[in-house]
Amino acid sequence: MLSVLSGLGLGLSLIVAIGAQNVFVLRQGIRREHVLAVVVICALSDAALIIAGVAGLGFVIAAAPWLVVVARWAGALFLLTYGLLAARRAWRGEGQALDASEPGGETAPSAGGTATATRTALAPVLLTVLALTWLNPHVYLDTVLMLGSIAATHGEERWFFAAGAVTASILWFTALGFGARYLGRWLRTPRSWRILDALIAVVMIALAVSLVLPVLG
């Protein structure tokens, strides 16, 4: 039981931080768009990485640090691109306001000034969340290498530790994705979405810069 609680605590401490993945889940939750699919992908990805770390993949990463370098540059490029797209949405006012008349509906003003229903296709959303998850080098350093190393100290109970960490991911992403909808009351105007997209742009671009600064320095 102690190993499960230790895994739960460490898992939450690693995942409950402002990052690209959390920002994206939050945005999808606020939009009430493909939330279940996004939450499932994030939770399953985290579970796979945790299991890989406990199973010993961390040693492979430690022996081949160039894998992290590749993930670092690929992740920075993706985050920069996503951040610039968010900045463009904020500049042009392309974000969607929540429609108060229909739960879960998103609307955006059309050229004539009337609200027309819009919805992002599932495939681009899933590809984005997969990229934000698997192209993040910190995932391999924190979730795989560090968490896997700490799990090894629990000996025969390391899989109970892993179960606690996986539970932490499921709880966090579920709460973040489905709890974000309660922020909708403050995001019912295009102006509020422009502010949100501007904040997302700042976070994404800052994260992209932070990824490559250690290499450039």
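None of these values were measured; they are calculated from a predicted model.

**Here's the deal with the nonpolar core**
F24, V38, L79, I200 and M204 are the most contacted members of the largest nonpolar core, which totals 28 residues. Counting only elements with at least two residues in this core, the list comes to α2 (20-31), α3 (35-55), α5 (66-92), α6 (122-134), α8 (158-179) and α9 (190-216). Of the residues forming this core, the biggest block, eight residues, is contributed by α9. With sequence-adjacent residues up to four places away left out, F24 is seen in contact with V38, Y82, V125, T128, V129 and L132. Core analysis: the second largest hydrophobic core is formed by ten residues, L10, A47, I50 and V166 among them.

**Comments concerning the pattern of salt bridges**
Taken as a whole and judged by the stated rule, the model has three salt bridges. E33 serves as the salt-bridge partner of R31, at 2.7 Å between the closest nitrogen and oxygen. Using a relative accessible area of 2% as the deciding quantity, one classes R31 as buried. A salt bridge links R89 to D197, with the shortest nitrogen-to-oxygen separation between them at 3.1 Å. In this pair, R89 sits in helix α5 while D197 sits in helix α9, placing the two residues 108 residues apart along the sequence. The burial state of R89 is the same as that of D197; both residues are buried.

**Regarding a nonpolar patch on the surface**
A surface patch of nonpolar side chains, amounting to about 370 Å² of accessible area, comprises V69, W73, V215 and L216. Where the nonpolar patch is concerned, the elements lending two or more residues are α5 and α9. You can see L216 is positioned in helix α9. Exposure remark for L216: the relative accessible area of 61% places this residue in the exposed category.

**Focus on the packing of helix α1 (residues 2-15) against α8**
Interaxial distance between α1 and α8 falls to 6 Å at its minimum, and their mutual angle equals 40°. Classified by the angle between their axes, α1 and α8 sit oblique to one another. Considering how the two elements wind past one another, α1 and α8 form a crossing that is right-handed. The segment α1 lies against α8, with S3, V4, S6, G7, L8, L10, G11, L12 and I15 engaging F160, F161, G164, A165, T167, A168, S169, L171, W172 and F173. Residue composition of the contact of α1 with α8, by class: twelve nonpolar, seven polar and no charged.

**Notes on the confidence of the model for the protein**
With 82% of its residues at a pLDDT of at least 70, the protein reaches an overall mean of 78. Here strand β3 (residues 115-117) is the element of the protein with the lowest mean pLDDT, 38, and α3 is the one with the highest, 92. Under a pLDDT of 50 for its full length, residues 98-117 has, in the predicted model, 36 contacts with residues more than four places off or in other chains.

**Concerning the packing of α5 against helix α7 (residues 137-152)**
Viewed as axis vectors pointing N to C, α5 and α7 meet at an angle of 135°, and their least axial separation amounts to 7 Å. In this view, α5 runs oblique relative to α7, as classed from their interaxial angle. Residue-level inspection shows V68, A71 and R72 of α5 in contact with α7, the latter providing P137, Y140 and L141. Residues that form the contact of α5 with α7 fall into these classes: five nonpolar, no polar and one charged.

The rules behind the values
- Residues numbered from 1 in each chain as written.
- Predicted model: local features only at pLDDT ≥ 70, side-chain atom pairs only at ≥ 80, totals over all residues.
- Heavy atoms only, no water.
- Core = buried A, V, L, I, M, F, W, Y, C linked by side-chain atoms within 4.5 Å.
- Buried < 20%, exposed > 50% of the residue type's maximum accessible area, 1.4 Å probe, protein only.
- Helix = DSSP H or I, 4+ residues; strand = E, 2+ residues; numbered from the N terminus.
- Contact = heavy atoms within 4.5 Å.
- Salt bridge = Lys/Arg side-chain N within 4 Å of Asp/Glu carboxyl O.
- Patch = residues over 30% accessible without salt bridge, like charges linked within 9 Å, V, L, I, M, F, W, Y side chains within 5 Å.
- Areas by Shrake-Rupley, 256 points an atom, 1.4 Å probe, with all protein chains shown as cover.
- Axes fitted to C-alpha atoms, helices over the stretch in contact; angles between N-to-C directions.
- Parallel < 35°, antiparallel > 145°, perpendicular 65-115°, else oblique.
- Left-handed = near helix turned anticlockwise from the far one by under 90°.
- Nonpolar A, V, L, I, M, F, W, Y, C, P; charged D, E, K, R; others polar.
- pLDDT = per-residue confidence, 0-100.

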